[in-house]
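Close look at the chain arrangement
In case you want the letters, here they are:
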Amino acid sequence: MTMADRQGLAQDTGVAAAAAPAALPRHIAIIMDGNGRWATQRGLPRVEGHRRGVEALRRTLKAARDIGIEIVTVYSFSSENWSRPPAEVSALMGLLKRFIRNDLAELHEANVRVRIAGDRTALDPDIRALLVEAEALTARNLGQTLIVAFNYGSRQEIAAAARALAEEVARGERTPESITPEAIEARLNTAGIPDPDLVIRTSGEMRLSNFLMWQAAYAELVFQPVLWPDYGREALEEALAEYGRRERRYGGLAAGR
Ligand code: IPE
Ligand code: IPE
Ligand code: MG
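How each quantity is defined
- The numbers attached to residues start from 1 for each chain and follow its sequence in the written order.
- All chains are assigned letters beginning with A, and all ligands numbers beginning with 1, in the order in which they are written.
- In view of the model being predicted, local features appear only for residues whose pLDDT reaches at least 70, and side-chain atom pairs are presented and counted only at 80 or more, with totals across whole chains, interfaces and linings using the full set of residues.
- Computation of side-chain values covers all heavy atoms of the structure but excludes hydrogens and water.
- Note on exposure labels: buried denotes an accessible area under 20% of the residue type's maximum, exposed denotes more than 50%, and partly exposed covers the range between, all computed with a 1.4 Å probe on protein chains only.
- Helix and strand definitions here come from DSSP, where helices need a minimum of 4 consecutive H or I residues and strands a minimum of 2 consecutive E residues; each element is numbered from the N-terminal end.
- DSSP-based pairing: two strands are paired if at least 2 bridges between them are found.
- Each helix should span, by expectation, one fewer than its residue count multiplied by 1.5 Å.
- The nearness test applies per residue and asks whether one of its heavy atoms lies within 4 Å of the molecule or strand.
- Definition of a polar contact: a pair of N or O atoms within 3.5 Å, with one able to donate and the other able to accept a hydrogen when the atoms are protein atoms, and with sequence-neighbouring residues admitted only if both atoms are side-chain atoms.
- Here, Shrake-Rupley sampling with a 1.4 Å probe gives the accessible areas, and only protein chains in the shown set may cover a residue.
- Each residue gets one of three labels, nonpolar for Ala, Val, Leu, Ile, Met, Phe, Trp, Tyr, Cys and Pro, charged for Asp, Glu, Lys and Arg, and polar for the others, Gly among them.
- The handedness rule is simple: strands pointing away from the viewer, and a clockwise path from the first strand over the helix to the second, make the crossover right-handed.
- Note on definitions: angles span 0 to 180 degrees between N-to-C directions of axes, and those axes are lines fitted to C-alpha atoms, for helices only across the stretch in contact.
- Between 65 and 115 degrees an angle is taken as roughly perpendicular, under 35 as roughly parallel, over 145 as roughly antiparallel, and anywhere else as oblique.
- The sense of a crossing depends on the near helix, which, turned anticlockwise from the far helix by less than a right angle, makes the crossing left-handed and, turned clockwise, makes it right-handed.
- In this description, contact between two residues means that some pair of their heavy atoms is separated by no more than 4.5 Å.
- What the bend at a residue measures is the angle between two axes, fitted to the seven residues ending there and to the seven starting there.
- Here, patches come from residues exposed beyond 30% relative accessible area and free of salt bridges, joined within 9 Å for like charges and within 5 Å for nonpolar side chains (Val, Leu, Ile, Met, Phe, Trp, Tyr).
- Criterion for a salt bridge: a side-chain nitrogen of Lys or Arg within 4 Å of a carboxyl oxygen of Asp or Glu.
- UniProt positions are given in the numbering used here, feature names are shortened, and annotations may be inferred rather than shown by experiment.

**Things to note about the pairing of strand β2 (residues 71-78)**
Residues in a regular strand project their side chains so that they alternate between the two faces of the sheet. Within β2, 7 of the 8 residues are buried, which leaves the element mostly enclosed by the surrounding structure. Taken together, the 5 bridges between strand β1 (residues 27-31) and β2 define a ladder with parallel strand orientation. When the sheet's bridge partners are listed, Ala29 is paired in β2 with Thr73. Bridging between β2 and strand β4 (residues 145-152) involves 7 bridges; their strand directions are parallel. Looking across to β4, one finds that Ile71 is bridged to Thr145.

Here's what the structure looks like:
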């Protein structure tokens, strides 16, 4: 039985809250960090850390599906990662291509809907074609949603939304007063996707690094010391347990106060 089933059962049978497993996040977003350090600690090239990072991603996605997480967003390449040595950048591009080529069929089989967030215009045409293929093939899948943030930057995303709205105002299609948080949300890469409930960052760094800054306004943040290539089911379950101990108040008061 998955955690989601257990949770459903607990609700159906009115089991006391204390006995029921803590609430599952609907959407988790992961900053997969520490590949380079993992490799360096072993005297390996950084690229080897990225390769092992893809294996950790497979394990973690499988675990998230088994547990019943509805939406998973992974930060794979930031707008700022272009500043790394060209060989590392091209290795990361190659790994994305290989991940889509090797894993797309299995993700589709598992009823996963794949979406890409980020600026594609700077990517090679062959990568862009693969991303389009992945989204088109899986568009109707109703199981899990996997959002791959690639060449993604939150500031760039928000600026693009502001620009699109400004253009609509300039064309006389909307008024400045109509620019609300909802109007901005609808123009983000994640339009229509509920906000992440939980943001996980591995490797002990405690920052967002330009990831989902709008969407994570009320997300619970969990920082884990484990380096990403060592991540998997056990570490994910620990993060979920930590999430379950948090109290989300959204600016209101704690229950019973
Ligand atoms: C995360 O690992 C993967 C990417 C940013 C693409 P890093 O490559 O940042 O690993 P560290 O932080 O140098 O250890
Ligand atoms: C964030 O990690 C980007 C990804 C995990 C893809 P970085 O390693 O690039 O972030 P900083 O430079 O430590 O903030
Ligand atoms: Mg890093």
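**Looking at helix α3 (residues 46-67)**
With 22 residues, α3 ought to run about 32 Å at 1.5 Å a step, and its terminal C-alpha atoms sit 31 Å apart, in line with that. All buried positions along α3 are accounted for by Gly49, His50, Gly53, Val54, Ala56, Leu57, Thr60, Leu61, Ala63, Ala64 and Ile67. A positive backbone phi angle near 100 degrees is found at Gly68, which sits one or two residues after α3.

**Some details on the site of ligand 2**
The immediate surroundings of ligand 2 are formed by Ile31, Met32, Asp33, Tyr75, Ser76, Phe77, Asn81, Arg84, Arg201, Arg207 and Ser209. In the environment of ligand 2, an oxygen atom lies 3.2 Å from a nitrogen or oxygen atom belonging to the side chain of Asp33. Asn81 is positioned such that a nitrogen or oxygen atom in its side chain is 2.9 Å from an oxygen atom of ligand 2. Taken by itself ligand 2 offers 390 Å² of open surface, and the protein chains cover 78% of this. A total of 3 residues in the shell around ligand 2 trace back to one element, the largest contributor, which is β2. Of the residues in the shell around ligand 2, the class split is 4 nonpolar, 3 polar and 4 charged.

**Topic: the pairing of strand β3 (residues 113-117)**
Across 5 bridges, the pairing between β3 and β4 is parallel. From the neighbouring strand, Arg113 faces β4, where its bridge partner is Thr145. In the classification by handedness, the crossover that spans β3, the intervening helix α5 (residues 125-138) and the parallel β4 is left-handed.

**Observations concerning the site of ligand 1**
Inspection of the region around ligand 1 gives 13 residues, with Asp33, Gly36, Arg37, Arg46 and Arg84 positioned closest. Between Arg84 and ligand 1, the recorded distance is 2.6 Å, taken from a side-chain N or O atom to an oxygen atom. Listing elements by their share of the shell around ligand 1, those giving two or more residues are α2 (35-41), α3 and α4 (86-109). By residue number, the principal contributor to the shell around ligand 1 is α2, which donates 3 residues. Its residues assigned to classes, the shell around ligand 1 shows 2 nonpolar, 6 polar and 5 charged.

**Points about the packing of α3 against helix α8 (residues 233-245)**
Helix-helix packing is characterised by the crossing angle of the two axes and by the distance between the axes. As a packed pair, α3 and α8 sit with axes 9 Å apart at the nearest point and diverge in direction by 50 degrees. Looking at the two axes, α3 sits oblique to α8. The two elements α3 and α8 cross, and the hand of that crossing is right-handed. Facing α3, whose interface residues are Thr60, Lys62, Ala63, Ala64, Asp66 and Ile67, α8 presents Arg233, Leu236, Glu237 and Leu240. Taken together, the residues that form the contact of α3 with α8 break down as 5 nonpolar, 1 polar and 4 charged.

**Points about α4**
Compared with an ideal rise of 1.5 Å per residue, which puts 24 residues at 34 Å, α4 spans 35 Å between its outermost C-alpha atoms and is within 8% of the ideal. Approximately 50 degrees is the largest bend angle found in α4, and it occurs at Asp103. Count one or two residues on from α4 and you reach Asn111, which has phi positive near 65 degrees.

**Describing a nonpolar patch on the surface**
Nonpolar side chains collect at one region of the surface, where Met206, Leu221 and Phe223 lie side by side and expose about 280 Å² of accessible area between them. Note that Met206 resides in the loop between β5 (198-201) and β6 (220-223).

**Comments concerning the UniProt feature "binding site: Mg(2+)" (unreviewed entry) in the protein chain**
Residues annotated by UniProt as "binding site: Mg(2+)" (unreviewed entry) correspond here to Asp33 and Glu220. When you line up the elements, Glu220 lands in strand β6. The class for Glu220 is buried, based on a relative accessible area of 14%. Apart from residues lying up to four places away in sequence, Glu220 is in contact with Asp197, Leu198, Val199, Tyr243, Arg246, Glu247 and Arg248.

**Regarding the sheet that holds β3**
The parallel open sheet is built from 6 strands, whose spatial order is β3-β4-β2-β1-β5-β6. Each having just a single partner strand, β3 and β6 make up the two edges of the open sheet. Strand-to-strand, the axes of this sheet are offset by a mean angle of 20 degrees, without reference to chain direction. Note: β5 against β6, 4 bridges, orientation parallel.

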